[in-house]
Amino acid sequence: MSSKVVYEGWMVRYGRRKIGRSFIHMRYFVLESRLLAYYKRKPQDNQVPIKTMLIDGNCRVEDRGLKTHHGHMVYVLSVYNKKEKYHRITMAAFNIQEALIWKEKIELVIDQHQGSEVANGNRYISFEYKSGMDNGRTASSSDHESQFSAQEDEDDAHPNLLRRTTIGNGPPESIFDWTREIDSDLSNQNINNQAFSRKLWRLLQCQNGLRIFEELLEVEYLPRSCSRAMKAVGVVEASCEEIFELVMSMDGTRFEWDCSFQYGSLVEEVDGHTAILYHRLQLDWFPMVVWPRDLCYVRYWRRNDDGSYVVLFRSREHENCGPQPGYVRAHIESKYNISHQELVPGSLLQRFVDGDDDFRNSRLKLIPSVPKGSWIVRQSVGSTPCLLGKAVDCNYIRGAKYLEIDVDIGSSTVANGVLGLVVGVITTLVVDMAFLVQANTTDELPERLIGAVRASHIELKSAIVPKLEPDAS
């Protein structure tokens, strides 16, 4: 009686031979309810697999991170049994989405057998097929990859790891991971030594869908050797994995988002999550007077339990990446935080988005500000928060992935009066508006911004009437 197939498909068989060289082979992997196996081609009839592994509650899945083989990046998983640590299968995928699917499927099978053992008396048993024959054909030397599977699989086994684990002890000492919250018991001296501890930011501008911030420093004079940190925040209609692969790319796909990229190469692969990279910048401004720049930096990445990604960069020296003729070595210290934002069930924002109009009217708050304008306008508008739904009529349109709010300013005599005051001088005004959900209890604190907008020197004559498409319904 055959076992039920849980998942199957082509994956990369990854390993390292005795002489230290890595190898990759395309193999067809099949995950059954108690077995993981791989074949040279998609199995038919009673074809014998190259190698199998019994899956039970003692198995572990290690995330080996990113490996590079002849310019190809692969995301590596290693499946092994903690009672036979040298009996393992190392598999990889060319994209992280597929690697995560396999990891999830294998862990699901492990969960189903958690606490169980296959025993023959008191002796633990596992098994594997090793075949030099494939459908009657004599196998080539590459078919014998299982013969030395323990030696070929890179790195030593980690029998004490938890069932779900990522190999690596975090970023190297040369990179401070400022995405972590600073523990309250750290001394002030340690906090001051961290170059990227908690910062205060000032919004500079919004451009191409990005909010660009500048670090606020408590100094009156900034030496030329120092610079302010910059931060950009934006929303991209793609999965975290798709964005992560673009950020990690060092080939032609990087041009899709990094116009400064000219060339990149791997200097050293420290482990699956840390690498030393060389990067040449494409400078399109003043090429006759500005020397070209290049970078040598360490890159560290991790995937958090919530599915978000953190990628850190920091310049460093390396013996195999010295100064290049005709280039000036630049400095980089940067971070990418890639996360998927969803409404948390039971949160204040979720209750506001999915609530009724009465609840929304009682919670929608506006905080206005006029950083540039006449004294009369600034006094009339003020900066006192107000419940927008109580002051003017609001119409709420809830879609599958959005909530639209139409605000009727003309429904309020007071709002009409302020509008009449500013219309005549609107081209000279800069008005900021922040929108948030009012918190009425301590459990709902702290209040968080839904969003903010700046109206700067508006030209009413440039307004146009949008052409709406007819409703298909």
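The chain is annotated in an unreviewed UniProt entry as Rho GTPase activating protein from Trema orientale. In the Subcellular location (unreviewed entry) part of its UniProt record, the chain is described as follows: "Endoplasmic reticulum".

Chemist: Help me out: how do you make sense of the packing of aromatic side chains in this one?
Modeler: Here a ring pair, both rings aromatic, is described through the centre-centre distance and the interplanar angle of the planes. On inspection of all chains with the given rule, the structure shows 13 aromatic pairs. Summarising the aromatic geometry, the rings of Trp257 and Tyr336 are spaced 5.8 Å apart at their centres and angled 85° between planes, so their arrangement reads as edge-to-face. Remark: Tyr336 occurs in strand 21 (residues 333–338) and Trp257 occurs in the loop between helix 4 (240–248) and strand 16 (261–271); sequence separation between them is 79 residues. Judged by its relative accessible area of 31%, Trp257 is partly exposed. Since its relative accessible area comes to 28%, Tyr336 is described here as partly exposed. Note on Tyr263 and Tyr278: the rings are 6.5 Å apart at their centroids and 65° apart in plane angle, and the pair reads as edge-to-face. Placement of the pair is Tyr263 in strand 16 and Tyr278 in strand 17 (residues 274–281), with a sequence separation of 15 residues.

Chemist: Just to check I follow, could you spell out the sheet that holds strand 15 (residues 230–234) for this structure?
Modeler: The strands making up a sheet are joined through hydrogen bonds of the backbone, oriented either antiparallel or parallel. Pairing within the open sheet is antiparallel, and its 3 strands lie in the order 13-14-15. Because the sheet does not close on itself, it has two edges, and the strands there are strand 13 (201–207) and strand 15. On average, each strand axis in the sheet is inclined to that of its neighbour by 25°, with strand direction left out of account.

Chemist: How should I be thinking about the pattern of salt bridges in this particular structure?
Modeler: Side chains bearing opposite charge may pair, as long as their charged atoms lie close to each other. One pass over the full model with this rule turns up 14 salt bridges. Between Glu62 and Arg64 there is a salt bridge, and its shortest N-O distance comes to 2.9 Å. Arg64 shares its class with Glu62; the two are buried.

Chemist: Help me understand unusual backbone geometry in this model?
Modeler: Most peptide bonds adopt trans geometry, and most residues besides glycine take a negative phi value. Here the bond from Leu445 into Pro446 is cis, since omega is 0°, no more than 30 degrees from zero. Along the chain, the position of Pro446 falls in the loop between strand 26 (430–437) and strand 27 (449–456). In the Ramachandran plot, Asp45 falls in the positive-phi region, its phi being about 55° despite a non-glycine side chain. If you trace the backbone, Asp45 turns up in the loop between strand 3 (35–39) and strand 4 (51–54). For His457, which is not glycine, the phi torsion reads 50° and is therefore positive. Among the residues examined, His457 registers a relative accessible area of 34% and is labelled partly exposed.

Rules used in this analysis
Every residue gets a number counted from 1 within its own chain, in the order that chain's sequence is written. Per-residue local features are limited, in this predicted model, to residues with pLDDT of at least 70; the limit for side-chain atom pairs, both in listing and counting, is 80 or more; totals at the level of whole chains, interfaces and linings are taken over all residues. Note that water and hydrogens are dropped before the side-chain values are worked out from all heavy atoms of the structure. UniProt positions are given in the numbering used here, feature names are shortened, and annotations may be inferred rather than shown by experiment. Aromatic contacts are taken between Phe, Tyr and Trp rings whose centres are within 6.5 Å, Trp giving its six-membered ring; a plane angle under 30 degrees counts as stacked, one over 60 as edge-to-face, and the others as tilted. Under the scheme used here, helices are H or I runs from DSSP no shorter than 4 residues and strands are E runs no shorter than 2 residues, and both carry numbers assigned from the N terminus. Remark: exposure states derive from per-residue accessible area (1.4 Å probe, protein chains only) relative to the maximum for the residue type, with buried under 20%, exposed over 50%, and partly exposed in between. Strand pairing requires that DSSP identify at least two bridges connecting the strands. Lines fitted to the C-alpha atoms define the axes, with helices restricted to the stretch that makes contact. Angles between their N-to-C directions range from 0 to 180 degrees. One side-chain nitrogen of Lys or Arg within 4 Å of one carboxyl oxygen of Asp or Glu is enough to make a salt bridge.

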